[in-house]
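# Inside the fold
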Amino acid sequence: MEYKYYLALTSQLPFCSVPLRIDTYSSCQFSCSYCFSKARGGSSLAKSNQEISPGQLEKRLNQVSRGRISGAVDEFLSRRIPVQLGGMNDPFSPWEREKRRTLETLKILRDFYYPTLISTKNTMLAEEPYLEILSSGNFLVRISATAGSSDTRVKLEKGVPLWEARLRAAEKLSSRGVPVSFRFQPIVYDENEHVISMIRSAGSSGVRHISAEYLKLPIEKSSRQASYLARSFPNMADTYRKHNARQVGRELVLPSSAKAEGLYQLRAETIRNEMLFGFAENEFLHLNTFQSCCNAADQFLKNANFFSSNILGIIKKQLNAEKITFHLPDNFWVPTNSVFSHLNSRSRGKEGDEAGRSPRERWIKLLQDKWNSKSERGGPSGFWGISDLGEVDRHGNKIFVMNQEAMIDF
């Protein structure tokens, strides 16, 4: 069955610099027990799997290259904002051996030299014919791995290649000139010593970049994931609550203060091993020294632009300023077509805000509402080291200040 929604903007648009995803399959055959995609409805049952039609992607890229724009997604493509291949489901799950949808998609992206981030847990892409395509295109490969002890990794990751096999794949890709990142997501709390060992191994395998994010613990009682995790890690929920984890949606999330020291430690080790480090936790994204969120894609992809017309972009532009104020400069690009149909109800803003406003005005209003919200979630005070100054500017927007101590190591 053809996958209608293989290409889309994600609801991470208010803070992500690469919010455009491509999925070659609508489901995943791996069984990682922490999987955010399954937990949030992004992956259907295998029997209902849908597949990309590579010809449709080729047709769309051809139309965009000729200036035929039919919506916000096409505007992102026209600006060559990178796509994330595998944004919701692994593009190299076992189906790919037979169906080859990802292979055909990679050929098209290579032919357009389109900037592409690939996210996978598999090692298949380090084999031919994938290796030749990747080495001749405009790709950054992100190999995901649970970060912790070997016993923990076995419990959390099912049906995926071993960590050692992924290291070998990274080395093979790197030797062919393909930039490789290891995406340590999730990191298991209190197992940092094992993560440091993994960082050193990654550096020895030619990896160029590490990103890090702690486990968001699924807790929905009816969820098979939550039940399995409770059996496999009987003390984990108690550990999270002891560290004042809060429930966000269907997950327990550690507070920034509980994650900060460990993340700074991992960053220091990554730098010692001559790799770039990316904070992948939303509230730490502003501390990354590169333009592109946590993934450092601007350091590796060619002829690419990045989306900065969001809360994160506004903050990063003012990190060294005395005060952080709400202002979206005129040269910050916003699509002329509406993006709101791509956002979920929680991200879309208030109903009725669209009346008489252009897409840019609507987008600014959405950001303004997040900026001034009493909730920390999505606004500046939700970022590590940023606090509400208790003042407003002449437009009534809150003014924030950055604690410069948060910019340095513990």
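The structure presented is a predicted model; accordingly, all values stated were derived computationally and were not measured.

## Focus on the overall build of the chain
A tally of regular secondary structure across the chain gives 15 helices and 13 strands. The C-alpha radius of gyration computed for the chain amounts to 21 Å, which stays within 12% of the reference 22 Å derived for 410 residues, consistent with globular compactness. Taking the principal axes of its C-alpha atoms as reference, the chain extends roughly 60 × 55 × 45 Å. For the chain, with 410 residues in total, the buried portion stands at 55%. The contacts of the chain with a sequence gap of at least 6 include a subset with a gap of at least 24, amounting to 72%. If you sum the accessible surface of the chain, you get close to 18400 Å²; carbon and sulfur atoms cover 46% of it. Here the chain contributes 56 positively and 44 negatively charged side chains, and the mean placements of these two sets differ by 4 Å.

## Things to note about the side chain of Ser 292
Secondary-structure assignment places Ser 292 in the loop between β11 (276–279) and α13 (311–316). A distance of 3.3 Å separates polar atoms of two side chains, one belonging to Ser 292 and the other to Ser 17. If we ignore the near neighbours within four places in the chain, the residues touching Ser 292 are Ser 17, Val 18, Ala 297, Asp 298 and Phe 306.

## Considerations on helix α15 (residues 359–372)
Taking 1.5 Å per residue as the helical rise, α15 with its 14 residues ought to reach 20 Å, and the 20 Å between its terminal C-alpha atoms agrees with that figure. For α15, every residue scored as buried is listed here: Arg 362, Trp 363, Lys 365, Leu 366, Leu 367, Lys 370 and Trp 371.

## Quick notes on unusual backbone geometry
A cis amide bond, omega 5°, links Glu 128 with the succeeding residue Pro 129. When you line up the elements, Pro 129 lands in the loop between β4 (116–120) and α6 (130–135). Residue Pro 186 follows Gln 185 across a cis peptide bond; omega there is 10°. Along the chain, Pro 186 turns up in strand β6 (residues 180–187). Of note in this structure, Glu 274 is not a glycine but carries a positive phi near 60°. Its place among the elements puts Glu 274 in the loop between α12 (256–272) and β11. In this structure, Cys 293 takes a positive phi of about 40° despite not being glycine. Turning to its location among the elements, Cys 293 is positioned in the loop between β11 and α13. For Cys 293, a relative accessible area of 5% gives the class buried.

## Observations concerning helix α5 (residues 101–111)
Taken together, the buried positions of α5 are Thr 102, Leu 103, Thr 105, Leu 106, Ile 108 and Leu 109. Directly after α5, the chain includes Tyr 113, whose backbone phi takes a positive value near 50°.

## What about the nonpolar core?
Within soluble globular proteins, side chains that are nonpolar generally end up buried alongside one another. Judged by nonpolar contacts, the single largest core of 115 residues is most densely connected at Leu 173, Phe 182, Phe 184 and Trp 363. No other element matches the six residues that strand β5 (residues 139–147) contributes to this core. The residues contacting Trp 363, other than those within four sequence positions of it, are Leu 13, Pro 14, Phe 307, Ser 309, Asn 310, Val 334, Val 339, Phe 340 and Leu 343.

## Some thoughts on the environment of Arg 362
Considering the arrangement of structural elements, one finds Arg 362 in helix α15. Using a relative accessible area of 19% as the deciding quantity, one classes Arg 362 as buried. C-alpha of Arg 362 to C-alpha of Tyr 114: the two residues are 248 residues apart in sequence and 29 Å apart in space.

## Observations regarding the confidence of the model for the chain
Put simply, the chain has an average pLDDT of 89, and 90% of its residues get 70 or more. Confidence drops under a pLDDT of 50 for residues 38–46, and excluding neighbours within four residues, the segment shows 22 contacts in the predicted structure.

## A closer look at the pattern of salt bridges
Evaluation of the coordinates by the stated rule reveals 20 salt bridges. In this structure, the salt-bridge partner of Arg 272 is Glu 269, at a minimum N-O distance of 2.8 Å. In this pair, Arg 272 and Glu 269 both sit in helix α12, three residues apart, roughly one turn of the helix. Relative accessible area serves as the criterion here: at 57%, Arg 272 is assigned to the exposed category. The residue Lys 365 makes a salt bridge to Asp 369 at a minimum N-O spacing of 2.9 Å. In this pair, Lys 365 and Asp 369 are both assigned in helix α15, four residues apart and thus about one turn of the helix distant.

## Notes on the sheet that holds strand β9 (residues 246–248)
Ordered by their spatial adjacency, three strands build an open sheet running β8-β10-β9, and the pairing between neighbours is antiparallel. Each edge of the sheet is formed by a strand with only one pairing partner; in this case those strands are β8 (217–218) and β9. Examined bridge by bridge, β9 and strand β10 (residues 251–253) share three bridges and lie antiparallel to one another. For Arg 246, the partnering residue across the bridge sits in β10 and is Val 253.

## Here's the deal with the sheet that holds strand β1 (residues 7–9)
Read from one edge of the open sheet, eight strands run β1-β2-β3-β4-β5-β6-β7-β11, paired in mixed fashion. With partners counted over all chains shown, the strands left at the sheet margins are β1 and β11, one partner each. When the angles between neighbouring strand axes are averaged without regard to direction, this sheet yields 25°. By the bridge criterion, three bridges tie β1 to strand β2 (residues 20–22) in an arrangement that is antiparallel. Its bridge partner lying in β2, Leu 7 is registered against Ile 22. Of the strands in this sheet, β5 and β6 are in contact with helix α8 (residues 163–175), which crosses β6 at around 155°.

The rules behind the values
- Residues numbered from 1 in each chain as written.
- Predicted model: local features only at pLDDT ≥ 70, side-chain atom pairs only at ≥ 80, totals over all residues.
- Heavy atoms only, no water.
- Helix = DSSP H or I, 4+ residues; strand = E, 2+ residues; numbered from the N terminus.
- Rg over C-alpha atoms; globule rule 2.2 N^0.38 Å.
- Buried < 20%, exposed > 50% of the residue type's maximum accessible area, 1.4 Å probe, protein only.
- Contact = heavy atoms within 4.5 Å.
- Areas by Shrake-Rupley, 256 points an atom, 1.4 Å probe, with all protein chains shown as cover.
- Lys, Arg positive; Asp, Glu negative; His and termini not counted.
- Charge placed at Lys NZ, Arg CZ, Asp CG, Glu CD.
- Polar contact = N/O pair within 3.5 Å; in protein donor to acceptor, adjacent residues only side chain to side chain.
- Expected span 1.5 Å × (residues − 1).
- Core = buried A, V, L, I, M, F, W, Y, C linked by side-chain atoms within 4.5 Å.
- pLDDT = per-residue confidence, 0-100.
- Salt bridge = Lys/Arg side-chain N within 4 Å of Asp/Glu carboxyl O.
- Pairing = 2+ DSSP bridges.
- Axes fitted to C-alpha atoms, helices over the stretch in contact; angles between N-to-C directions.

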